[in-house]
Amino acid sequence: MGCYHYSDPSYCLWSIWRSGETQRLQCSSPKSDNHQGAYAIKLAQQSNIHPIIAIAGKGEAFVETLISREKGDTIVDYRKGDEAVVSGIKDAVKAAGASEVKYAYDAVSEKGSYINISKVLAKEGGRITLVLPGREYPEIPDYIYKSITTVGDSHAPVAKAK
């Protein structure tokens, strides 16, 4: 939801989805094997956003049922450590024929998840939404647009496409 509800439509996946230009959007979702991550993947699938780079652990088998390998989606195992997550995301981006990740939905927002994804987000136009309010996230570089998504955001009006 967070990637769809920015107050500025230029940062909003809703605007891109409505324009029909979703085929080559890259989306990363740390901790995809929790409820929030699973919902984010389902929403991305319905919006035809691929490739999805899902970050999962022991719930990898469940996440496998949510992604579309034939559309370039993949899973990176966070249990292998931070360096492996960052290199796994970079490898997935390269395998998809893309050069960068522009959007990330961090369903954990702690334990280094947002630091890892910040290392691979685009330096121009990179966007991350996090789920833990009341934090500053100073480790996220200033060139990355960050927002916080809460349950209440699902009841907020959607940004209007220009």
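Note that the structure is a prediction, hence the values are computed from the model and not measured. (Residues numbered from 1 in each chain as written. Predicted model: local features only at pLDDT ≥ 70, side-chain atom pairs only at ≥ 80, totals over all residues. Heavy atoms only, no water.)

Considering the overall build of the protein chain
On a plain count of helices and strands, the protein chain comes out with five helices and six strands. Counting helices and strands in the order they occur from the N terminus, the protein chain gives α-β-α-β-α-β-α-β-α-β-β. Among the 162 residues that make up the protein chain, the fraction classed as buried is 51%. Contacts in the protein chain between residues far apart in sequence, at least 24 positions, make up 50% of those at least 6 positions apart. Of the accessible surface of the protein chain, which amounts to about 8500 Å², a share of 52% is contributed by carbon and sulfur atoms. (Helix = DSSP H or I, 4+ residues; strand = E, 2+ residues; numbered from the N terminus. Buried < 20%, exposed > 50% of the residue type's maximum accessible area, 1.4 Å probe, protein only. Contact = heavy atoms within 4.5 Å. Areas by Shrake-Rupley, 256 points an atom, 1.4 Å probe, with all protein chains shown as cover.)

A word on the pattern of salt bridges
Applying the stated criterion across every chain yields a total of two salt bridges. Residue Asp77 is joined to Arg79 by a salt bridge in which the shortest nitrogen-to-oxygen separation is 2.8 Å. (Salt bridge = Lys/Arg side-chain N within 4 Å of Asp/Glu carboxyl O.)

Observations concerning the nonpolar core
One broad rule of soluble globular proteins: the nonpolar side chains tend to lie buried together. Ile53, Ile89, Ile117, Leu121, Ile128 and Ile140 are the most contacted members of the largest nonpolar core, which has 20 residues in total. When residues of this core are traced back to their parent elements, those giving at least two are β2 (52-56), α4 (82-95), α5 (113-118) and β5 (127-130). Sort the elements by how many residues they give to this core and α4 lands first, with five residues. Core analysis: the second largest hydrophobic core is formed by 11 residues, Ala38, Ile41, Ala56 and Ile75 among them. (Core = buried A, V, L, I, M, F, W, Y, C linked by side-chain atoms within 4.5 Å.)

Focus: unusual backbone geometry
Cis geometry marks the peptide bond from His50 to Pro51; its omega dihedral reads -5°. Looking at the element boundaries, Pro51 is found in the loop between α2 (35-46) and β2. Phi at Ser109 takes a positive value of approximately 65°, unusual for a residue other than glycine. Examined against the element boundaries, Ser109 turns out to sit in the loop between β4 (103-106) and α5. Residue classification places Ser109 among the buried residues on the basis of a relative accessible area of 0%. A positive phi is found at Tyr137, a non-glycine position, where the angle reads about 55°. You can see Tyr137 is positioned in the loop between β5 and β6 (145-148). Taking relative accessible area as the criterion, Tyr137 reaches 2% and is therefore assigned buried.

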